[in-house]
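Residues per chain are reported as follows:
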Amino acid sequence: MSERIVEGVRLSNPDKILYPGQGITKAELADYYVAVAERMLPHVANRPITMVRCPTGQEKKCFYQRHAGSGVPEQLHEVKVPGFDDPYLYIKDLPGLIAMVQMGVLEMHPWGVTVEHPDQPDRIIFDLDPDEGLGFSEVVEAALEVRERLERIGLTSFVKTTGGKGLHVIVPVEPVIDWRAAKAFAKDLSAQMAADAPERYLTRISKAERAGRIFIDYLRNDPTSTAVGAYSTRSRPGAPVATPILWDDVSAELDPSLFTLRTVPDRIASEAADPWLDINSIGQRLPVI
């Protein structure tokens, strides 16, 4: 069996096809993470992480993994989270990213906490999930409204595509609150939007009620209820990537399907600045709303 060494990690069967539609191999996935690591690691390293493993490729059976098991590479580490019996996995560096490629990981979902403060979130997420029949322009309008409401109460937010049909609005905060407070804040703001425009938004997860509306998923703000990480690939056709963007990019012309494993490295190289450069350095706390 052939193998390849990437960042000190042995990749077995590097020519294995992971995305059949594009002919993307395990080696190409590893090369992608080498290319984006500088941008990606500040958002996924040193955080408990949930992996979506697809050992036989994107079109085959995938499964979630949060805890160590047999065959977990040495480049992955464990952290004990208060309130949970089993420790959770996390990575520290680029070799950790490559080790997950070796494991057949096609999605990385970091928690909104760091391993230093595993029960105190430092990121709050609003996941905008539209009904199938809605155009992406409606999601754009929703994201801009979330941003505006946050600005009214003095909070700076950031945005990324999800590798799907929605957008994530992320609020960085100092890790001084617990999960209950983070979730309550997200729920309150989401409920205000749904109350002001019930024909456009809802906060209940029911698919039957979602027709023609956008589900504002505040439930991501719970331990283990993670969201896909910045620059992670998705286990979907086309190898889409969840991509941080500038708020100036959030317009009717935005097409998230253009952000893929094969296009994002060139996008990064052409950007004047990192859209999320300041996300980990903004010192802000939640006000009462």
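Up top is the structure these notes are about.
Computed from a predicted model, the values in this text were never measured in an experiment. (Residues numbered from 1 in each chain as written. Predicted model: local features only at pLDDT ≥ 70, side-chain atom pairs only at ≥ 80, totals over all residues. Heavy atoms only, no water.)

Asker: I tried to follow the layout of surface pockets on my own but got confused; where do I start?
Answerer: By rolling a water-sized probe across the atoms, one finds the places where empty space is left. Approximately 540 Å³ is the volume found for the largest pocket. Looking at the lining of the largest pocket, the elements with two or more residues in it are strand 9 (105–110), strand 10 (123–130) and strand 14 (214–217). A total of three residues in the lining of the largest pocket trace back to one element, the largest contributor, which is strand 10. Here the second largest pocket defines a volume of roughly 240 Å³. Forming the walls of the second largest pocket are 18 residues, and the residues nearest its centre are Arg47, Thr114, Asp122, Ile279 and Asn280. Considered class by class, the residues forming the lining of the second largest pocket number eight nonpolar, six polar and four charged. (1 Å grid on protein atoms, 1.4 Å probe; cavity = no way out; pocket = protein on both sides within 12 Å on 5 of 7 lines; lining within 4 Å. Points joined across faces, edges and corners; volume = space filled by probe spheres on them. Helix = DSSP H or I, 4+ residues; strand = E, 2+ residues; numbered from the N terminus. Nonpolar A, V, L, I, M, F, W, Y, C, P; charged D, E, K, R; others polar.)

Asker: How should empty space enclosed by the protein be read in this particular structure?
Answerer: One pass over the structure, following the stated rule, counts three cavities of 30 Å³ or more. If you add up the space inside the largest cavity, you get close to 140 Å³. Of the residues assigned to the lining of the largest cavity, the class counts are eight nonpolar, three polar and three charged. Its boundaries defined by the atoms lining it, the second largest cavity holds a volume of some 70 Å³.

Asker: Looking at this model, I keep getting lost on the packing of aromatic side chains. Mind explaining?
Answerer: Each aromatic ring pair is specified by the distance between its two centres and by the angle formed by the two planes. Taken as a whole and assessed by the stated rule, the structure comprises five aromatic pairs. Between the aromatic rings of Tyr32 and Tyr33, the centroid separation amounts to 5.0 Å while the plane-to-plane angle is 70°, which identifies the pairing as edge-to-face. Across this residue pair, the class does not change: Tyr32 and Tyr33 are buried. Consider the rings of Phe84 and Tyr88, whose centres lie 5.5 Å apart with planes at 85°: the pair is edge-to-face. Take Tyr88: its relative accessible area is 4%, and that puts it in the buried class. By way of ring pairs, the aromatic residues Phe84, Tyr88 and Trp111 are connected into one cluster. (Phe/Tyr/Trp six-rings, centres within 6.5 Å; stacked < 30°, edge-to-face > 60°. Buried < 20%, exposed > 50% of the residue type's maximum accessible area, 1.4 Å probe, protein only.)

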